[in-house]
Amino acid sequence: VSDRFRQRPAPSPEALTARPDYDDFVPADLPQQWFYDEWTARRAECPVSYSPNHGGFYLLTRYEDVFDVLTDTETFTSTESAGIPAQPYVSIPEDVDPPDHRKYRKIINPPLSPQSVVKHESWIRQQAVELLEPLVGLREFDLVKDFAGPLPRSVAMKLIGLPDSDLPKVSEWTETLTYKPRDNEEAQQAGADLFAYLAEVVQDRSKGAFGEDLISLIVQSEVNGEPLAPEEMMSFIALLLFGGLHTTTHAIAATLVWLAQHPGDRDRLRQDPSLYPSAIEEAIRYTSPSSHLGRTATKDTVIGGCPIPAGSRVMASVGAASFDPEKFESPQELVLDRSPNPHAGFGLGPHRCAGSHLAKLVLRVALEEFLARFTDFEVVDLSGLRYAGAEVRGLTTVPLIITKQA
Amino acid sequence: MMTITVRISDRCAGHGQCFIHCPEVFEPDGEGYATLSPSAWQGDYEQAVRTAVAACPERAIEIEG
């Protein structure tokens with residue numbers, strides 16, 4: 001962390017009002033400590049704050065407030081878009097409220113349940129090994145570009161049901177939409193290209209030749225007795241891509257950055273694999289790749305003592321919630337055996353991340369196979385690490401030096 | 001032996017932390033939401049169940065006793 005951010009004085013009320021309007025899109029390219037400090041300051045002095053950006057929204061930074069909003073779907077609807085700024089289309093099923101929301105989730109929940117995803121462990125492990133073996137013997141490589149990025153992407157493409165040969169373009173479009181502001185011309189073009197591609201995918205797959213992949217399930221499914229409209233199918237698949245291609249990357253990368261700095265934790269994980277279940281939950285909390293969820297108040301209400309008029313947009317920062325010291329002791333520490341750990345890393349409420357069990361499996365396999373090959377490793381420029389993105393945020397490059405092979 | 005009553009509310013969103021803390025009592029249904037294991041519970045799982053209650057992000061597990 002650069003000195004510039006370390007030396008910032010504790011905020012006074014005057015400083016807080018002088019704070020730039022909060023927006024997960026701006027500031028971009030900051031160290032994660034900037035967000036910790038920002039959340040801490042707001043939680044202490046103004047836990048429910050207002051930002052005029054993107055049409056205006058209330059930002060929630062306390063765990064209890066985030067919990068209350070995300071678990072009360074009658075008062076806080078997703079139907080005005082779960083994104084801030086709003087997506088230019090209805091995102092299926094994140095922009096759908098219960099009870100209809102569950103009808104869409106029924107399509108993809110069974111293949112993503114804990115007992116279903118474990119069946120994929122051996123080939124996922126094989127993918128991890130194939131990515132890591134060429135790195136053995138190198139003194140330096142890029143943790144994200146060479147390992148943490150490619151592994152979850154190829155796993156997600158296979159389960160979603162898209163050929164690996166399409167990965168470069170799909171990855172480029174979704175990266176642009178994840179890391180660039182949405183009103184950016186480049187992002188608009190990427191969105192148009194992605195949906196043109198998905199229109200073809202839906203048309204082709206609807207002809208038959210169904211597999212066990214998620215797209216095959218989606219094109220064959222019915223909600224309320226009707227097949228999904230092609231636009232719904234495209235939107236559904238787009239959400240699987242946004243959720244599947246980049247989030248787990250950030251969890252793997254930021255966890256290994258922590259482990260690079262904490263040799264004792266590396267040793268504990270190697271010597272005591274029974275730590276993995278708690279360590280994986282904690283890694284999700286500590287890395288929080290998904291930073292916020294948007295909701296809209298359906299009536300005049302109150303959050304944390306702050307009056308919220310009907311129609312207000314609300315940004316529930318699940319990132320800030322999982323770092324609330326009222327709920328998590330030493331939140332800025334990754335504690336391998338933290339328990340209990342009711343983190344908000346996969347969201348809270350009925351919209352809980354559908355791929356959470358797959359993400360945890362991929363993260364575990366990635367850590368096990370990485371630690372089996374590399375005993376000691378260091379981040380080349382720890383203070384130079386920068387987070388990119390908004391709703392999905394994380395490290396896009398981490399040059400790593402291997403100081404001791406296993 | 002002490003008896004506690006365990007109930008899973010419809011707040012369950014399928015995080016699955018209860019399966020990890022106490023797989024003898026909690027198991028996933030076909031969609032991954034929590035159900036109570038149908039087998040007779042033999043043994044003392046009270047502490048593990050209480051940990052599952054505290055770990056559930058949705059506060060969906062209710063116990064009495």
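Scroll up a little and you will see the structure.
Residues numbered from 1 in each chain as written. Chains lettered and ligands numbered in written order. Predicted model: local features only at pLDDT ≥ 70, side-chain atom pairs only at ≥ 80, totals over all residues. Heavy atoms only, no water.

Novice: When you look at the overall build of chain B in this model, what are you seeing that I'm missing?
Specialist: Scanning chain B for helices and strands turns up two helices and four strands. In chain B, the order of α-helices and β-strands from amino to carboxyl end is β-α-β-β-α-β. Relative to its length of 65 residues, chain B is compact, with a C-alpha radius of gyration of 11 Å against a globular reference of 11 Å. In terms of its C-alpha atoms, chain B occupies a principal-axis envelope of roughly 35 × 20 × 20 Å. Every one of the 65 residues in chain B was classed for burial, and the buried ones make up 45%. Partitioning the contacts of chain B with sequence separation of at least 6, the portion at a separation of at least 24 is 55%. Taken as a whole, chain B presents about 3,400 Å² of accessible surface, with 51% of it coming from carbon and sulfur. Here chain B contributes 4 positively and 10 negatively charged side chains, and the mean placements of these two sets differ by 10 Å. (Helix = DSSP H or I, 4+ residues; strand = E, 2+ residues; numbered from the N terminus. Rg over C-alpha atoms; globule rule 2.2 N^0.38 Å. Buried < 20%, exposed > 50% of the residue type's maximum accessible area, 1.4 Å probe, protein only. Contact = heavy atoms within 4.5 Å. Areas by Shrake-Rupley, 256 points an atom, 1.4 Å probe, with all protein chains shown as cover. Lys, Arg positive; Asp, Glu negative; His and termini not counted. Charge placed at Lys NZ, Arg CZ, Asp CG, Glu CD.)

Novice: Quick question: what am I supposed to make of the nonpolar core here?
Specialist: Most often, soluble globular proteins keep nonpolar side chains buried together rather than apart. All names here are of chain A. Core analysis: the biggest nonpolar cluster contains 98 residues, and F147, L241, F370 and F377 have the highest contact counts within it. No other element matches the ten residues that helix α18 (residues 356-373) contributes to this core. Those residues in contact with F370 that sit more than four places away from it in its chain are L132, F141, L143, F147, L256, F377 and L400. In this structure, Y58, Y63, F76 and I308 belong to the second largest nonpolar core, which totals 21 residues. (Core = buried A, V, L, I, M, F, W, Y, C linked by side-chain atoms within 4.5 Å.)

Novice: What should I look at first to understand the state of the cysteines in this one?
Specialist: Disulfide: a covalent bond formed between the sulfur atoms of two cysteine residues. According to the stated counting rule, one finds zero disulfides over all chains in the structure shown. C353 of chain A forms no disulfide, and the closest cysteine sulfur to it belongs to C12 of chain B, at a distance of 15 Å. The partly exposed category is assigned to C353 of chain A, whose relative accessible area is 28%. Looking at the unpaired C22 of chain B, the closest cysteine sulfur is the one in C18 of chain B, lying at 8.9 Å. By relative accessible area, which is 0% here, C22 of chain B ends up buried. (Disulfide = S-S within 2.5 Å.)

Novice: Is there a simple way to think about the interface of chain B and chain A in this case?
Specialist: A common way to express how large an interface is: the accessible area buried when the components associate. Between chain B and chain A, the residue contacts involve 22 residues of the former and 27 residues of the latter. Summed over both partners, the interface of chain B with chain A comes to about 1,800 Å²; 47% of that surface belongs to carbon and sulfur atoms. Area buried by chain B at its contact with chain A is led by H15, E31 and R59 of chain B, which between them contribute 32% of it. Taken together, the links from chain B to chain A amount to three salt bridges. The partner of E64 of chain A in a salt bridge is R59 of chain B, with the nearest N and O atoms 2.9 Å apart. Connecting chain B to chain A are 13 residue pairs in polar contact (both at pLDDT 80 or more). Top element by residues in the side of chain B that touches chain A is helix α1 (residues 17-21) of chain B. It accounts for four residues. Here the side of chain B that touches chain A is built from residues that sort into nine nonpolar, eight polar and five charged. (Buried area = accessible area lost by both parts, 1.4 Å probe. Salt bridge = Lys/Arg side-chain N within 4 Å of Asp/Glu carboxyl O. Polar contact = N/O pair within 3.5 Å; in protein donor to acceptor, adjacent residues only side chain to side chain. Nonpolar A, V, L, I, M, F, W, Y, C, P; charged D, E, K, R; others polar.)

Novice: Would you explain the packing of aromatic side chains in this entry?
Specialist: Here the distance between the centres and the angle between the planes together describe a pair of aromatic rings. All names here are of chain A. Counted under the stated rule, the structure contains 17 aromatic pairs over all chains. Each ring, one from W34 and one from F35, has its centre 5.2 Å from the other, and the planes form 80°; the classification is edge-to-face. No difference in accessibility class separates W34 from F35, as the two residues are buried. Ring centres 5.1 Å apart and planes at 85° place the aromatic pair F370 and F377 in the edge-to-face group. Both residues of the pair, F370 and F377, belong to the buried class. One aromatic cluster is present, formed by W34, F35, Y36, W39, W258, Y286 and F323 through successive ring pairs. (Phe/Tyr/Trp six-rings, centres within 6.5 Å; stacked < 30°, edge-to-face > 60°.)

Novice: Can you walk me through the side chain of R313 of chain A in this structure?
Specialist: All names here are of chain A. Within the secondary structure, R313 sits in strand β10 (residues 313-316). This buried residue, R313, is left without a salt bridge; E80 holds the nearest opposite charge, at 6.7 Å. Among the polar contacts listed, one links the side chain of R313 to the backbone oxygen of E80, at a separation of 3.4 Å. Filtering out sequence-adjacent residues up to four positions away, R313 remains in contact with G56, F57, Y58, E80, S81, G83, I84, A86, R295 and T296.

Novice: I keep staring at the sheet that holds strand β14 (residues 399-405) of chain A and nothing clicks. Help me out?
Specialist: In a beta sheet, neighbouring strands pair by backbone hydrogen bonds and run either parallel or antiparallel. All names here are of chain A. Pairing is antiparallel across the open sheet formed by three strands, whose spatial order is β4-β14-β11. One side of each edge strand has no neighbouring strand; the edge strands of this open sheet are β4 (140-142) and β11 (374-379). Between one strand and the next, the sheet's axes are offset by a mean angle of 40°, whatever the strand orientation. Two elements, β4 and β14, share three bridges in a ladder whose sense is antiparallel. Bridged to F141 within β14 is L400. (Pairing = 2+ DSSP bridges. Axes fitted to C-alpha atoms, helices over the stretch in contact; angles between N-to-C directions.)

Novice: Could you clarify how one ought to interpret the sheet that holds β10 of chain A in this entry?
Specialist: Residues and elements named next belong to chain A. Strand order in the open sheet made by the five strands is β1-β2-β10-β7-β3, with mixed pairing throughout. Either end of the sheet is taken by a strand with one partner, and the two such strands are β1 (48-51) and β3 (76-77). With three bridges joining them, strand β2 (residues 57-60) and β10 adopt parallel strand pairing. Across the sheet, residue Y58 finds its bridge partner in β10, namely V314.

These figures capture arrangement, not role.
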